[in-house]
Every structure is written in structure tokens, then in C-alpha cells.
Amino acid sequence: MQELPEVETVRSGLAKFLPRLVIKDVWHDWPKGFPNAPADVARFMVGASVKSVRRRAKVLIIELSSGYSLVIHLKMTGQLVFVGKERFGAGHPNDSLINNLPDKSTRVVLDFTDGSTLFFNDQRKFGWMRLLPTLEVPEIDFLKTVGPEPLEDDFTADKFIERLQTRKNSPIKAVLLDQKVLAGVGNIYADESLWMAKIHPSTPVDKVSRTKLVALHNDLRTVLKLAIEKGGSTDRNYVNAEGKKGSYIDFANVFRREGQPCPRCGTTIEKIRVAGRGTHICPKCQKVLK
Ligand SMILES: [Zn+2]
């Protein structure tokens, strides 16, 4: 599953290229992934220009001048590739980022009047692109219930702790991953931030000291910002396939590092299961409190 930093990388890249472009033509081959009435597409997409590219949680929102927006969820294998004078592609890292497009994975194509094109590719077809009145976007079920954005300036430690305490008896990792508590935190960033703050992922929220929760707030934001920076810094290199490695993973301290020494204390990192998810911990730095 693509997480907040990956989706933010897609957003910031597209935000450099899409605004002001006018849609000339729309093609799609996958009605389930593009469930929009042809009459609406003709009326509210074709001829409209792009006003902005935004993100809420893991959802991308391309706002159009027609009063409608394209709401996009990349899910497991979605990616967006812009091909114009310059090329930008991000999302699921595979060869379609660099291939000639369209290819077998292409689901939606937006042609712009200046000759540039946006390709929505999705090998496994779980992603989608929906056309909705912009005013209705916040009313989508998912966006109505999703928690606050952890990287907003006003997302203070107090607000973070208040959100976690809505599920104070649950293991802290499960709470971090709960999209109703916080928007966009996934498995990698939960494991990394809990390791940094020296909190065992199974510890109920209630048993974690306030000092550690304040540290976790800071560590979570640090990890997310670093991941965005890494994603962002490989925008262009992604296209020559460097992104295939997953740039942030190279900087991870515990995620997928089981069997290796903890960078802080040298104890062997273990992989356990918490909240139904593969979880990476240092058994010495992260002691469970019951
Ligand atoms: Zn350690």
C-alpha cells in the first residue's frame, strides 16, 4: 500500500506541471476504476483546466475549473506519469514509469491541449479516479471519517495525544495505523517512529508516558518529512529507475531489517506481529509495558 509520503511525492511533482493545462480528451479502459458517466466527462472534464493538485490522507485531488474535481486513489499499484516537454512519474515503482506509454497497465489517459499527457497506470486495478463536484469531495465517506493530517503546522503534540487517547486501551501501533485517528500513517512509518521513541508497538496507549508520546509526535513527523524529502529528491531519478529501490527504505532503522543489529544498541532486530501486521522492533530499546 502506498503511504502518505509516496502520495505526497506524486502530488508535489504533478503540482509543478498540471496547473493551467486544459483537458482535450479523455480515454479509459476500466469502468470500475473510472466510474464516471460519459456525459459528465464530456461536460465537466473536457475543456476544463486544472486549478490545483491537492492531497488529503492518501487521496489525490485534481481540482478543475468546471467546479468538478478528479479524486484519485492509487491503492496498491497505481502510478501517475506526466509526459510533456519534461517527464514526471511517481507512485508504484515499476517499469511503466520509464516505458513508452500507454502500456498494458494504462487505465486512464488525459490529453491536454498543449500536447502533454497524463497517464494513470495500475497493474492490479485496485485504484480509481472519480469525477465529483468539488464541493462534494469532503463528503466522500472516507474523507468524512479520516483523522487529521500529521504534518499540518497546527498538529501539535497535545492534539496528537488527544487523538491517540480516543483508543487508549489499544496497542499503540494499531492506533497509529487507524486512519480515523490519523491520516496516512502506514506500516513503515509506524515501526520507524515507535523505534525512535523507544516504545514497544504492543503497549496500550494508556501505559505510554506523556514524555514518550511527545517524543513520538516529533519522531513521527521527522520520519514522514524525511520520507517525503527522499521521495521528492528522486523525482527525476525515478524516471531512470533509481526509485525502484524505494529510496526511503535505505534510511530505515528497523523496517525490514530483522536479523540486523539495532543502529542504537546493537541488539538483533526482530520481526513480530502486532495488530495483524509484520512489525519490526529492537527487543532491548522497545520494552512492552502491560
Ligand atoms: Zn536497540
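This text goes with the structure placed above it.
Since we're looking at a predicted model, the values are computed, not measured.

(A) View of the pattern of salt bridges. Summed over all chains, the structure comprises 10 salt bridges. With its nearest N and O atoms 2.8 Å apart, the salt bridge here joins Arg167 to Asp178. Separated by 11 residues along the polypeptide, Arg167 in the loop between helix H4 (157-164) and helix H5 (172-177) and Asp178 in the loop between H5 and helix H6 (187-196) bring together distant segments of the chain. Overall, the relative accessible area of 29% leaves Arg167 in the partly exposed class.

(B) Inspection of the sheet that holds strand S5 (residues 78-83) at higher detail. With antiparallel pairing, the five strands of this open sheet are ordered in space as S1-S7-S8-S5-S6. Edge positions in the sheet fall to strand S1 (23-28) and strand S6 (87-91), since each of these pairs with one other strand and no more. In this sheet, neighbouring strand axes are inclined to one another by 10° on average, regardless of whether the strands run parallel or antiparallel. Two strands pair when backbone bridges link them, and S5 and strand S8 (residues 117-122) are joined in this way by six bridges, in the antiparallel orientation. The partner of Val81 across the bridge, within S8, is Phe119. Sitting on the sheet, helix H1 (residues 4-17) is in contact with S5, S6 and S8, with an inclination near 160° to S6.

(C) Inspection of the coordination of the zinc ion at higher detail. Protein ligation of the zinc ion involves Cys262 (SG), Cys265 (SG), Cys282 (SG) and Cys285 (SG), the donor distances falling in the range 2.2 to 2.4 Å. Around the zinc ion, the four donor atoms are arranged such that angles at the metal cover 99 to 115°; this shape is classified as tetrahedral. Of note, the donors binding the zinc ion are all from one chain and are spaced C-x2-C-x16-C-x2-C. Remark: Cys282 occurs in the segment after strand S11 (277-281) and Cys265 occurs in the loop between helix H8 (235-239) and strand S10 (270-274); sequence separation between them is 17 residues.

(D) Layout of helix H2 (residues 38-45). Restricting attention to buried positions, one finds in H2 the residues Val41, Phe44 and Met45. All buried residues of H2 project into a common sector of 100° when viewed along the axis, lining one side. In H2, the exposed residues that point more than 90 degrees away from the buried face are Pro38, Ala39 and Arg43. Buried residues along H2 sit against S1, strand S3 (59-64), strand S4 (68-73), strand S7 (106-112) and strand S9 (128-133).

(E) Just the pairing of S10, in detail. With five bridges joining them, S10 and S11 adopt antiparallel strand pairing. The residue bridging Lys271 from the neighbouring strand is His280, located in S11. The turn linking S10 back onto S11 is made up of two residues, and Ala275 within it adopts a positive phi angle of 55°.

About the thresholds
- Residues numbered from 1 in each chain as written.
- Predicted model: local features only at pLDDT ≥ 70, side-chain atom pairs only at ≥ 80, totals over all residues.
- Heavy atoms only, no water.
- Salt bridge = Lys/Arg side-chain N within 4 Å of Asp/Glu carboxyl O.
- Helix = DSSP H or I, 4+ residues; strand = E, 2+ residues; numbered from the N terminus.
- Buried < 20%, exposed > 50% of the residue type's maximum accessible area, 1.4 Å probe, protein only.
- Pairing = 2+ DSSP bridges.
- Axes fitted to C-alpha atoms, helices over the stretch in contact; angles between N-to-C directions.
- Contact = heavy atoms within 4.5 Å.
- Donors = N, O, S within 2.8 Å, 3.2 Å for Na, K, Ca; no water.
- Tetrahedral: all angles 85-135°; square planar, octahedral: opposite > 155°, others 65-115°.
- Arc of directions from axis to C-beta.

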